Amino acid sequence: MASLSTRIVIRATNRELDIPTGLFINNEFVPSADSPNDLIHLVNPATEETICSVAAGSAKDIDIAVAAARNAFNTTWGKNVTGFERSKLLNKLADLIERDQDILAEVESLNNGKPFKIARDFDIGDSIQCLRYYAGWADKITGQTIEVDNKTKLAFTRHDPIGVCGQIIPWNYPINMWAWKVGPALACGCTIVMKPSELTPLTALMLSKLIAEAGFPPGVVNTIPSLGSVGGAALSAHMDVDKVAFTGSTVTGRKVMEAAAKSNLKKVSLELGGKSPQLVFESADLEQAANWACLGVLYNTGQDCTAGSRLYVQDTIYDKFVSLLVSKAKELVIGDGFDEKSGGGPLVSKTQFDKVWRYIESGRAQGAKVALGGQKRPGKGFFVDPTIFTDINANMDIIFGPVLAVGRFKTEEEGISLANDTSYGLGAGLHSNDANQCMRVSSALEAGTVWVNQYNLLNNNVPFGGKKQSGIGRELGSYALDEYTSVKAIHWNFGEKLDWPL
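The rules behind the values
Residues numbered from 1 in each chain as written. Predicted model: local features only at pLDDT ≥ 70, side-chain atom pairs only at ≥ 80, totals over all residues. Heavy atoms only, no water. Helix = DSSP H or I, 4+ residues; strand = E, 2+ residues; numbered from the N terminus. Rg over C-alpha atoms; globule rule 2.2 N^0.38 Å. Buried < 20%, exposed > 50% of the residue type's maximum accessible area, 1.4 Å probe, protein only. 1 Å grid on protein atoms, 1.4 Å probe; cavity = no way out; pocket = protein on both sides within 12 Å on 5 of 7 lines; lining within 4 Å. Points joined across faces, edges and corners; volume = space filled by probe spheres on them. Nonpolar A, V, L, I, M, F, W, Y, C, P; charged D, E, K, R; others polar. Pairing = 2+ DSSP bridges. Right-handed = clockwise from strand over helix to strand, strands pointing away. Axes fitted to C-alpha atoms, helices over the stretch in contact; angles between N-to-C directions. Core = buried A, V, L, I, M, F, W, Y, C linked by side-chain atoms within 4.5 Å.

1. Digging into the overall build of the chain
Helix and strand counts for the chain come out as 14 helices and 24 strands. Taken against the 2.2 N^0.38 rule, which gives 23 Å for 502 residues, the C-alpha radius of gyration of the chain at 24 Å falls within 12% of a compact globule. Along the first, second and third principal axes, the C-alpha atoms of the chain reach 80 × 60 × 40 Å. For the chain, the residues scored as buried account for 56% of the 502 residues in total.

Pasting the structure below:
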């Protein structure tokens with residue numbers, strides 16, 4: 001039997017780590033039940049070198065993990081444990097992640113490419129806060145008492161845990177997305193089969209070790225690294241999975257929803273893609289608007305579902321703002337994640353790198369002008385420098401990378417129309433110092449999240465999700481609890497006597 005862990009060295013820090021490489025089922029790392037020789041080979045996107053290989057789970061492994069999750073739900077979790085106990089374990093898990101924050105950030109940077117400082121301070125810092133937020137909710141999930149007839153009857157509701165949840169997370173925020181899914185599910189009493197992205201499963205496996213260390217019963221959280229077409233498909237179609245949560249592309253989201261409908265009609269939540277707009281009005285603080293516009297499209301090297309990839313600027317300030325924007329974007333250093341100067345890292349994979357470059361070339365072919373970037377770097381690593389297109393048309397492709405398309409508008413109505421001219425609706429932003437305009441435009445923008453005089457910042461206590469083809473359901477805040485509960489109405493008769501026959 002192959003080893004279920006491997007030793008890697010983080011060269012930048014000279015830290016040696018033992019990384020689990022098996023499947024995590026019932027609080028143990030195990031080989032695949034029927035394909036122990038199938039492996040997923042992981043690549044450092046900054047160097048293109050192989051990091052290590054992990055077990056590739058099969059559909060049978062998903063079956064085993066789901067059975068473990070069902071057993072835990074029926075015996076040691078679900079309705080068998082108090083909200084206070086769930087809260088205590090979630091807080092313990094958050095404490096362990098905080099203890100290992102540097103180690104997790106190093107592995108996240110190695111596997112995903114993002115800067116170590118951003119992984120540590122933002123992704124993981126936010127994930128710790130997310131788990132603590134939901135720990136606070138675990139013993140506060142309540143129903144309603146409803147008046148029916150005070151003399152004879154009473155009705156009340158229970159918000160029961162929905163059951164076994166399949167959770168499929170992406171590669172752009174591996175730890176963050178893990179926490180967003182795990183926090184509310186565990187707070188509500190659900191059990192989990194987690195399928196991390198096949199590109200970035202290492203921190204999910206490390207977090208699985210912390211699940212066991214925190215004291216969660218076996219089977220409450222199970223982790224199956226797998227190809228999406230195998231593990232993701234199996235979870236979506238599984239007859240004993242009660243809910244599936246997916247974050248990723250709209251194309252795959254359709255497949256998840258179809259499989260859920262064709263199997264047991266399981267509950268589905270989807271956080272999908274976007275083609276998110278920002279509007280800059282002539283009254284805006286242009287320095288600040290340029291900073292937020294850069295953050296909106298360049299943070300995480302543009303690998304963000306809400307990336308503000310379409311920017312529309314009022315014509316009276318267009319030339320001045322574009323000049324300012326280009327100068328700001330030039331200041332960002334895209335480099336190795338362990339270089340303190342880097343504000344962005346490489347794209348996550350060769351596939352993603354090639355896709356972004358195809359889109360850049362397509363933008364040129366569609367008549368856009370390159371105001372910044374657009375040149376390939378020599379050497380190793382999937383690096384793409386900030387690129388800004390001007391003179392865009394509304395039909396340009398979505399580019400999941402550090403690429404911004406800038407257009408112009410004359411009136412508020414035209415700006416809103418351009419912003420809403422998309423089948424997506426995940427995020428949108430506007431920059432203006434006219435308070436009335438801020439209220440009008442934020443109301444008119446068709447997106448699940450609208451930022452005013454900022455962009456891309458989220459809070460764990462504020463809901464997040466999309467409209468149109470950007471998804472179904474909500475993550476974060478109290479709204480996320482609804483995704484993991486089932487409302488049961490109980491009608492209690494304590495006084496009415498039924499005469500029979502009718």
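2. With respect to the layout of surface pockets
Of the volumes computed, that of the largest pocket is approximately 1200 Å³. The wall of the largest pocket is formed by 41 residues, among which W171, G248, S249, T252 and K355 lie closest to the centre. Those elements giving two or more residues to the lining of the largest pocket turn out to be α7 (228-237), β12 (243-247), α8 (250-262) and α11 (350-365). Looking at which element gives the most residues to the lining of the largest pocket, the answer is α8, with six residues. By residue class, the composition of the lining of the largest pocket is 19 nonpolar, 17 polar and five charged. In this structure, the second largest pocket encloses a volume near 790 Å³. Surrounding the second largest pocket, 33 residues form its lining, Y173, L295, Y299, N456 and L457 being those nearest its centre. When residues in the lining of the second largest pocket are grouped by element, the largest group, five residues, is from helix α4 (residues 116-137). Partitioned by chemical class, the residues of the lining of the second largest pocket number 17 nonpolar, 10 polar and six charged.

3. Side note on the pairing of strand β13 (residues 267-271)
In terms of residue burial, β13 counts as a mostly covered element, since four of its five residues are buried. As paired elements, β12 and β13 share five bridges and run parallel to each other. Bridge pairing in β13 links A245 to S269. A crossover links β12 with its parallel partner β13, the connecting element being α8, and its sense is right-handed. Looking at chain direction, β13 and strand β23 (residues 471-472) are connected through two bridges and run antiparallel. In the sheet register, E271 faces β23, and the bridge partner there is G471.

4. Thoughts on the sheet that holds strand β20 (residues 427-431)
Spatial strand order, β16-β17-β18-β15-β14-β20-β21: seven strands in an open sheet with mixed pairing. Two strands lie at the open edges of the sheet, namely β16 (369-372) and β21 (449-452), each paired on one side alone. Each strand axis lies, on average, 25° off the axis of its neighbour in the sheet, ignoring direction. Where strand β14 (residues 277-280) meets β20, three bridges bridge the pair, whose relative direction is parallel. From the neighbouring strand, V280 faces β20, where its bridge partner is H431.

5. Let's talk about the sheet that holds strand β24 (residues 485-493)
Taken in spatial order, the three strands make up an open sheet running β7-β8-β24, and their pairing is antiparallel. Each having just a single partner strand, β7 (145-149) and β24 make up the two edges of the open sheet. This sheet shows a mean twist of 25° between the axes of neighbouring strands, independent of strand direction. Where strand β8 (residues 153-161) meets β24, nine bridges bridge the pair, whose relative direction is antiparallel. Residue pairing for β24: K153 is matched across the bridge by N493.

6. Some details on the nonpolar core
Among the nonpolar cores identified, the biggest contains 69 residues, and L93, I97, W178, L186 and F216 are the most heavily contacted of them. Tallying contributions element by element places helix α5 (residues 174-188) first for this core, with 10 residues. Counting residues in hydrophobic clusters, the runner-up holds 25 residues, among them A368, V384, I392 and L418.

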